[in-house]
Amino acid sequence: MDIVLYCLAIVIAAVITGLLGYFMVPFLHKIKFGQTIREVGPSWHKNKQGTPTMGGIMFIIGSSVAAVICIAFLWLNGGAETQLMFVKVVAGALMAVGFGIVGFLDDYISIKKHRNLGLTEIQKLILQFIIVGAYLLSVALAGGTTETVIPFLGSVDLGFFYYILAAVFIVGMVNAVNFTDGIDGLNTSVTLVVALVFSVIAMLLNRVGLSLYAAAIVGAMIGFLFWNANPAKVFMGDTGSLFLGGAVCALAFGVNMPILLILIGIIYIVEILSVVLQVTYFKISHGKRIFKMAPIHHHFEMCGWNENKICFVFSGVTLLAGIIGVLLAVFGC
């Protein structure tokens, strides 16, 4: 039954997300919600100017509907887990939607102002920390502890520092996922693999509800890839990328092994680190650069890699890291 629901979650999310594109893409074109391309970006990206953005709405709806249907069916038929796991799944999903709303505001403002800047960095950080605080509080009130599982070390109690570290980790990772969105299909394909890996880990740990939520994300990415693969007919925007950041964090914290996200989400980490290193080195060297362009996917573009090759290689690296992550989750704990 669990496998059937798992497959059903993927199919429902993929179908809803894919079908929504037939309505959303023309609608976004009609209301002129097109992407503004950065002046400092690769010159060949100029032909993407005006491509509809905020397409993340499609997979937010698709994954949410699929998760609600399949998880509700699971719990109504005696498959309910503990109250804590129920809260982790629901609060995690709501956290992801909350981040999606912040992204929506950012996209909406940038479109209305006809520039590639929406909310200020401070505004976004304040809203993001409020959302994370609500998530951590809800889990704590449901009986969550300050312990986290680290492979080969077991359960480690971080005390009050757990909340500080968790909040900084989630906000940092969400923004790392956001930096991964820069070329057609990249964030979609990488996150598809990340969600798939966590769905396997959740299933092996008997976290069925969480596994179904992960499966819904996988299906939604499959459906969205139909529209977002090169050449993209629609971009996810911050609406989608911030939602996905919240979703993968919810999965990592749901299995109580957020540290694995550093490995499984290695592409996210490399993307944001490339930006930090580039900006830092640029300042201290008075104008010199480490990479041809940051985030690092643009560096590979400048080296001659096409967008499909970057997606394939980055997703392949994610898959290899994910396999190691599954082994660590199963044999290292």
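See the structure shown above.
Conventions and cut-offs
- Residues numbered from 1 in each chain as written.
- Predicted model: local features only at pLDDT ≥ 70, side-chain atom pairs only at ≥ 80, totals over all residues.
- Heavy atoms only, no water.
- Helix = DSSP H or I, 4+ residues; strand = E, 2+ residues; numbered from the N terminus.
- Rg over C-alpha atoms; globule rule 2.2 N^0.38 Å.
- Buried < 20%, exposed > 50% of the residue type's maximum accessible area, 1.4 Å probe, protein only.
- Areas by Shrake-Rupley, 256 points an atom, 1.4 Å probe, with all protein chains shown as cover.
- Lys, Arg positive; Asp, Glu negative; His and termini not counted.
- Charge placed at Lys NZ, Arg CZ, Asp CG, Glu CD.
- Axes fitted to C-alpha atoms, helices over the stretch in contact; angles between N-to-C directions.
- Parallel < 35°, antiparallel > 145°, perpendicular 65-115°, else oblique.
- Contact = heavy atoms within 4.5 Å.
- Nonpolar A, V, L, I, M, F, W, Y, C, P; charged D, E, K, R; others polar.
- Salt bridge = Lys/Arg side-chain N within 4 Å of Asp/Glu carboxyl O.
- Polar contact = N/O pair within 3.5 Å; in protein donor to acceptor, adjacent residues only side chain to side chain.
- Disulfide = S-S within 2.5 Å.
- Phe/Tyr/Trp six-rings, centres within 6.5 Å; stacked < 30°, edge-to-face > 60°.
- Lys NZ or Arg CZ within 6 Å of the ring centre and 35° of its normal.
- Pairing = 2+ DSSP bridges.

S.K.: Give a detailed account of the overall build of the protein, specifying residues and quantitative values.
M.R.: For the protein, the count of helices and strands is 12 helices and two strands. Against the 2.2 N^0.38 benchmark of 20 Å for 333 residues, the protein shows a C-alpha radius of gyration of 19 Å, consistent with a compact globule. Overall, the C-alpha framework of the protein stretches about 55 × 45 × 35 Å when taken along its three principal axes. Sorting the 333 residues of the protein into buried and exposed places 54% on the buried side. Within the structure as shown, the protein displays about 14,800 Å² of accessible surface, and the carbon and sulfur contribution to it stands at 73%. The average position of the 17 basic charges and that of the 14 acidic charges among the side chains of the protein differ by 11 Å.

S.K.: Just give me the short version of the packing of helix H6 (residues 186-204) against helix H10 (residues 266-284), but keep the residues and values in it.
M.R.: It is the contact of H6 with H10, at a shortest axis distance of 10 Å, that shows an interaxial angle of 140°. One way to sum up the angle between H6 and H10 is to call them oblique. On the side of H6, the interface is formed by Leu186, Asn187, Val190, Thr191 and Val194, while H10 contributes Ile267, Tyr268 and Glu271. Taken together, the residues of the contact of H6 with H10 break down into five nonpolar, two polar and one charged.

S.K.: Tell me about the pattern of salt bridges, residues and numbers included.
M.R.: Throughout the structure, instances matching the rule amount to two salt bridges. Across the pair Lys124 and Glu121 runs a salt bridge whose closest N-O atoms are separated by 3.6 Å. With a gap of three residues between them, Lys124 and Glu121 both fall in helix H4 (residues 121-141), about one helical turn apart. Residues participating in the shared-partner salt-bridge network are Asp106, Glu121 and Lys124.

S.K.: So what's going on with the side chain of His299? Which residues, and what values?
M.R.: For His299, the location among the structural elements is in helix H11 (residues 296-302). A polar contact is formed between the side chain of His299 and the backbone nitrogen of Lys292, at a distance of 3.0 Å. Setting aside residues no more than four positions away along its own chain, His299 makes contact with Phe291, Lys292 and Met293.

S.K.: Talk me through the state of the cysteines; I want residue IDs and the actual numbers.
M.R.: Scanning the entire structure with this criterion turns up zero disulfides. Counting only cysteine sulfurs, Cys7 is the nearest neighbor of Cys70, a cysteine outside any disulfide, at a range of 10.0 Å. Here Cys303 stays free of any disulfide, with the sulfur of Cys311 as its closest cysteine sulfur at 16 Å.

S.K.: Just give me the short version of the packing of aromatic side chains, but keep the residues and values in it.
M.R.: Counting across every chain of the model gives 11 aromatic pairs. Summarising the aromatic geometry, the rings of Trp75 and Phe86 are spaced 4.7 Å apart at their centres and angled 55° between planes, so their arrangement reads as tilted. Placement of Trp75 in helix H2 (residues 56-76) and of Phe86 in helix H3 (residues 83-112) is noted, with a sequence separation of 11 residues between them. You can call Trp75 buried: its relative accessible area is 18%. Put simply, the rings of Tyr22, Phe226 and Trp227 touch in pairs and so form one group of aromatic residues. Over the ring of Phe226 we find Lys233, and its NZ or CZ is 5.9 Å from the ring centre. Above the ring of Trp305, the side-chain terminus of Lys309 is found at 4.4 Å from the ring centroid.

S.K.: Can you break down the environment of Phe129 residue by residue, with the values?
M.R.: Residue position: Phe129 is located in helix H4. Residues Phe129 and Asn178 lie 49 residues apart in sequence; the distance between their C-alpha atoms is 16 Å.

S.K.: Which residues make up the pairing of strand S2 (residues 154-157), and what values go with them?
M.R.: One ladder, built from four bridges, connects strand S1 (residues 147-150) with S2; its direction is antiparallel. Bridge pairing in S2 places Thr148 opposite Val156. Following S1, the chain reverses through three residues before pairing antiparallel with S2; Phe152 in that reversal takes a positive phi of roughly 75°.

S.K.: Any chance you could break down unusual backbone geometry for me, citing the residues and the numbers?
M.R.: For the peptide bond that leads from Asn230 to Pro231, omega is -5°, which places it in the cis range. When you line up the elements, Pro231 lands in the loop between helix H7 (208-228) and helix H8 (237-254). In the segment running from Ala294 into Pro295, the intervening peptide bond is cis, with an omega of 0°. By the secondary structure assignment, Pro295 is in the loop between H10 and H11. Here the phi dihedral of Asn256 falls at roughly 60°; this positive angle occurs in a residue that is not glycine. The residue Asn256 is located in the loop between H8 and helix H9 (260-264) in this model. In this model, His286 sits at a positive phi of 60°, which is unusual for a non-glycine residue. With respect to the helices and strands, His286 occurs in the loop between H10 and H11. Given a relative accessible area of 73%, His286 falls into the exposed group.

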